[in-house]
Every structure is written in structure tokens, then in C-alpha cells.
Amino acid sequence: MRYTILMHYPEMAASGELDEAALAEGMAAFAKYARDLHAAGVLRSAEVLQPSSATTTLRVTEAGPQIQDGPFADTKEQLGGTVVIDVPDLDAALDWAKQAPSAAWGPVEVRPTATYVVDGEWVSAP
């Protein structure tokens, strides 16, 4: 079963809310998490997103497409990254989600996959 782990956490200001040591520690934690997922054979993809200020949100309305700079949601935590894993069940997905370094900073959402693309074609998840 495929699950996407959506990591939400407060964004750090470009002015440097984290010192070099804290930044290095966070990067090392995410590197270890990726290595552990890969070594377990469950990692399908992982991405850390740019800050929400780089977001452009598109909504299609009756009047046509509307484009908004920035994220649509106005919250303290923003979606910061995603990890797609293939594990036997929700319990296994939750075990991996608990290990996400970002779990210490904000909510981690675990959502089962409905469909995904293989060789350019959409397939239903089992």
C-alpha cells in the first residue's frame, strides 16, 4: 500500500532563525530518515518544498482560472515536504511518520494513495 507522508511545520525566516549548528542538525536528521527509508526498501519518493512564499495557487472558477501568489491556507505551519512510501498497512506508515524529523515541529499527515502514475498512465492503488 502506498502512503504519502505530508510534513507540516513552521517556516523559518530567511533572516536566519536557525543557527548553522541547528540547520546542520536538521539536515542530518532528514538525511538519516531518507537513508533509513531507502534501506528498508519502502521509499518511493521524497521532496522538501521551497518556502510557501514561492507558492502560486491556481483555482478554476466559473469566471475562469484565478491565480494567487502565495499559499491558499493562512496558517503557522505550511506543507514543507512529502515522502511517498510503499508499506503493508497504515500501522507501518504511521511508524515511519513518527520517525519524520519534522514531527517535532508540526503535524505529519499520513494519507493513502488512491491512484498514481506508472509509465505515464494512471493506475489505481491496490
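You'll find the structure just up there.
What counts and what doesn't
- Residues numbered from 1 in each chain as written.
- Predicted model: local features only at pLDDT ≥ 70, side-chain atom pairs only at ≥ 80, totals over all residues.
- Heavy atoms only, no water.
- Core = buried A, V, L, I, M, F, W, Y, C linked by side-chain atoms within 4.5 Å.
- Buried < 20%, exposed > 50% of the residue type's maximum accessible area, 1.4 Å probe, protein only.
- Helix = DSSP H or I, 4+ residues; strand = E, 2+ residues; numbered from the N terminus.
- Contact = heavy atoms within 4.5 Å.
- Phe/Tyr/Trp six-rings, centres within 6.5 Å; stacked < 30°, edge-to-face > 60°.
- Lys NZ or Arg CZ within 6 Å of the ring centre and 35° of its normal.
- Pairing = 2+ DSSP bridges.
- Axes fitted to C-alpha atoms, helices over the stretch in contact; angles between N-to-C directions.

Asker: What should I look at first to understand the nonpolar core in this one?
Answerer: Among soluble globular proteins, nonpolar side chains are generally buried collectively. Counting residues in each nonpolar core, the largest one holds 16 residues, and the members touching the most others are I5, Y33, L37, V83, I85, V87 and W96. The set of elements that each furnish at least two residues to this core consists of β1 (2-10), α1 (20-39), β5 (77-86) and α2 (90-98). Aside from chain neighbours lying at most four places away, what touches V87 is M1, Y3, V42, A92, A93 and W96.

Asker: Mind showing me how you'd approach the packing of aromatic side chains here?
Answerer: We describe a pair of aromatic rings using the distance from one ring centre to the other and the angle between the two ring planes. Per the counting criterion, the structure on display carries two aromatic pairs. An angle of 75° between the planes, with centres 5.7 Å apart, marks the rings of Y9 and W105 as edge-to-face. One end of the pair, Y9, is in strand β1; the other, W105, is in the loop between α2 and β6 (108-112), with 96 residues separating them in the sequence. Judged by its relative accessible area of 41%, W105 falls in the partly exposed class. Put simply, the rings of Y9, F30 and W105 pair up and form one aromatic cluster. The positively charged end of R2 is found above the aromatic ring belonging to Y116, 4.0 Å away from the centroid.

Asker: What am I meant to see in the environment of A24 here?
Answerer: Among the structural elements, A24 can be located in helix α1. For the pair A24 and H38, spaced 14 residues apart in sequence, the C-alpha separation works out to 21 Å.

Asker: Help me understand the sheet that holds β1, please; the structure alone is not making it clear to me.
Answerer: Within a beta sheet, neighbouring strands are joined by backbone hydrogen bonds and run either parallel or antiparallel to one another. In space, the four strands of this open sheet follow the order β2-β5-β1-β6, with antiparallel pairing throughout. Two strands lie at the open edges of the sheet, namely β2 (43-48) and β6, each paired on one side alone. With strand direction ignored, the average angle separating the axes of adjacent strands in the sheet is 20°. Here β1 runs beside β6; their pairing, made up of five bridges, is antiparallel. Bridge pairing in β6 links I5 to V110.

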